[in-house]
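Close look at the chain arrangement
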Amino acid sequence: MTRHVELALDLPPRVENAGVGVHGSAGPHDVFRLPRLWQLHLYGYSGALELGGSRHPIRPGHVSLVPPDTEVHFHYDATRCEHLYAHFRLPGGGERRRVPVMQDAGADAAVLTGLLRQTVAASAQSPARASAELWTVLWRTTGLAGAGEDRARHPALRTAVAHIEEHLAGPLTVPGIARAAGVSHTHLTRLFREDTGHTVVAYIRRRRMERARHLLIASTLAIPAIAATVGIPDLQAFNKTCRKELGASPRAVRERQGQGGSQAGAGTVRRAPGARVRCLPTAAQPT
């Protein structure tokens, strides 16, 4: 039974067609498929969608995603059933996001409606703009209630993770994060261990070092500034944490990137030949 689809959203979709569709005018039942295209519908009517042996109720504000070459059966409760739609290709092949075939957009329905109307308006004039609008729609569908792995997380954990990301450059304490998430210190610790396998403190340290690594290899920002940016302004502590998490000193991480070493991340910005880089005196940078 088909209840979920998987979307590769590492690249923007290519919009082939988008518009306002009308179902039901030819009868209470339609059957069709798009051999090479995905289809997204945002409904303004009630009915039912069948595909792959599963039946999904349609209600106003629901959104559906159907993969290419899938036969779909629509059942209508009225003779004029309007919906917004987009037919598109997904050229990406990276990490896939698991999303329900049918979802209630809830409070996000108005936002999705606006984005899809922008997609429709741009589709005949600016394919790139239409692609960008639809890409946003697709990403938002992965965050609707019940969608994707992130929604499987406890709401307090999602709040805590968002709080950490927003305050990574400043002081973070477990009691403070717990207050922001609306749970006890103990409960938050248990949620992090169950979901990430780390303590809250270890998770924060790992995220700080992931950001530090990015800045070390993708920018010419001075190491003391990077330390401050990731919330570890004490250079000795930053150096120690960097060695523990990244396996090398901050300078060594940066130098390996400059030599084209295997530590370089995908999409890293390389310094152009002959470019001048302002560095602090050696004594000011940890080794």
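Residues numbered from 1 in each chain as written. Predicted model: local features only at pLDDT ≥ 70, side-chain atom pairs only at ≥ 80, totals over all residues. Heavy atoms only, no water.

Things to note about the sheet that holds strand β5 (residues 47–51)
Keep this limit in mind: In this description, strands pair whenever DSSP reports at least two bridges between them. Here a strand is any run of E in DSSP of at least two residues, a helix any run of H or I of at least four, and the numbering for each starts at the N terminus. The axes used here are C-alpha line fits, helices contributing only the stretch in contact, and every angle between their N-to-C directions lies in the interval 0 to 180 degrees.
What the 4 strands build is an open sheet, ordered β3-β8-β5-β6; its pairing is antiparallel. Each edge of the sheet is formed by a strand with only one pairing partner; in this case those strands are β3 (29–32) and β6 (54–58). On average, adjacent strands in this sheet sit at an angle of 20° to one another, irrespective of strand direction. As judged from the 5 bridges shared by β5 and β6, these two strands associate in the antiparallel manner. Bridge pairing links glycine 47 to isoleucine 58 in β6.

A word on the packing of aromatic side chains
The relation between two aromatic rings is expressed through the spacing of the ring centres and the mutual angle of the planes. For the record, the criterion: Planes of paired rings set the category: under 30 degrees apart is stacked, over 60 is edge-to-face and the rest tilted, where pairs are Phe, Tyr or Trp rings (Trp by its six-membered ring) whose centres lie within 6.5 Å. Burial classes: relative accessible area under 20% of the type maximum marks a residue as buried, over 50% as exposed, and values in between as partly exposed (1.4 Å probe, protein chains only).
Taken as a whole and assessed by the stated rule, the structure comprises 6 aromatic pairs. Geometrically, the ring pair formed by phenylalanine 74 and tyrosine 76 is stacked, given 6.3 Å between the ring centres and 10° between the ring planes. On the basis of relative accessibility, which here comes to 1%, the residue phenylalanine 74 falls in the buried class. Taking relative accessible area as the criterion, tyrosine 76 reaches 7% and is therefore assigned buried. By way of ring pairs, the aromatic residues Phe32, Tyr43, Tyr45, Phe74 and Tyr76 are connected into one cluster.

A few points about the confidence of the model for the protein chain
This is how the line gets drawn: A score from 0 to 100, pLDDT tells how confident the predictor is in each residue. What makes two residues a contact is simply this: any of their non-hydrogen atoms within 4.5 Å.
Mean pLDDT over the protein chain: 85, with 86% of residues reaching 70 or higher. Under a pLDDT of 50 for its full length, residues 146–151 has, in the predicted model, 14 contacts with residues more than four places off or in other chains. Here residues 260–287 scores under 50 on pLDDT; set against residues more than four positions off or in separate chains, the count is 38 contacts.

So, the packing of helix α4 (residues 174–181) against helix α5 (residues 185–196)
The angle between the axes and the distance between the axes are what describe a pair of packed helices. Going by this rule: Orientation labels follow simple angle bins: below 35 degrees gives roughly parallel, above 145 gives roughly antiparallel, 65 to 115 gives roughly perpendicular, and whatever is left gives oblique.
Axis separation between α4 and α5 bottoms out at 9 Å; the angle between their running directions is 90°. One finds that α4 runs roughly perpendicular with respect to α5. Contacts from Val174, Pro175, Ile177 and Ala178 of α4 reach α5 at His185, Leu188 and Thr189.

Details of unusual backbone geometry
What is expected of a backbone is that most residues other than glycine have negative phi and most peptide bonds are trans. Unusually for a residue other than glycine, aspartate 69 sits at a positive phi of about 55°. With respect to the secondary-structure elements, aspartate 69 resides in the loop between β7 (62–66) and β8 (72–76).

A closer look at the side chain of threonine 241
Position of threonine 241 among the secondary structure elements: in helix α8 (residues 235–246). If we skip the residues at most four places from it in the chain, threonine 241 touches Arg205, Met209, Ile232 and Leu246.

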